[in-house]
Amino acid sequence: MRHYPTGVTVVTLRHDDNPIGFTASSFASLSLDPPLISFNIAHSSSSIRALHASDSVVIHFLGEHQRHVAQRFARSADQRFADQSLWTWLDTGEPVLYGTPIWLRVTIHQLIPVGDHTLVVGLVNRVEDVTDSPTGAPLLYHHGRYHRPTPIDE
């Protein structure tokens, strides 16, 4: 699957008053009415237990300027939120990352075990989109490296 390019997302949630987060390259839109999305998480993930105990998450669509955030969330769990200048708490309790072009607050709709992963289906109930401002292109991941999209002239 490394040959299939994906956008880079980071999922954050609160568990026992601690911020939890992980990358999810399996993000997909499922339905417009109601607004449903999905992503997968491995059963071996250090965040799986917290996700099962959570009612909501925030999904961040990283921009090309946030490669350092993607790399941070690929590290061990105790390093992900170590730099408190990168994030804050929403009034609803979830951690949110600063500088993210688009993020969604999602309530967990279904958790479906599939193979060695859990498919998470979420209902979108808040969208923050600052792509009108100069945030640059989305961050992409392909063949083990980060990329930015470039238009193909017609």
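Look up a bit, the structure's there.
What this report covers is the structure whose coordinates are included nearby. (Residues numbered from 1 in each chain as written. Predicted model: local features only at pLDDT ≥ 70, side-chain atom pairs only at ≥ 80, totals over all residues. Heavy atoms only, no water.)

Cis geometry marks the peptide bond from D33 to P34, where omega comes out at 5°. Mapped onto the secondary structure, P34 falls in the loop between β4 (28-31) and β5 (36-42). If you check the backbone angles, D17 has positive phi at about 60° while not being a glycine. With respect to the helices and strands, the residue D17 is situated in the loop between β2 (9-15) and β3 (18-23). A positive phi is found at H143, a non-glycine position, where the angle reads about 55°. Position of H143 among the secondary structure elements: in the loop between β11 (140-142) and β12 (145-147). Taking relative accessible area as the criterion, H143 reaches 37% and is therefore assigned partly exposed. (Helix = DSSP H or I, 4+ residues; strand = E, 2+ residues; numbered from the N terminus. Buried < 20%, exposed > 50% of the residue type's maximum accessible area, 1.4 Å probe, protein only.)

One finds F39, L51 and V57 to be the most contacted residues of the largest nonpolar core, which totals 19 residues. Within the residue set of this core, elements represented by two or more residues are β2, β3, β5, α1 (48-53), β6 (56-61), β9 (102-114) and β10 (117-129). Sort the elements by how many residues they give to this core and β9 lands first, with four residues. In this structure F39 touches V11, F22, A24, S26, F27, L51, V57, I59, T118, L119 and V120, once residues within four positions along its chain are discounted. In terms of nonpolar packing, the next biggest core, distinct from the first, is built from 11 residues, V8, V10, L86 and W87 among them. (Core = buried A, V, L, I, M, F, W, Y, C linked by side-chain atoms within 4.5 Å. Contact = heavy atoms within 4.5 Å.)

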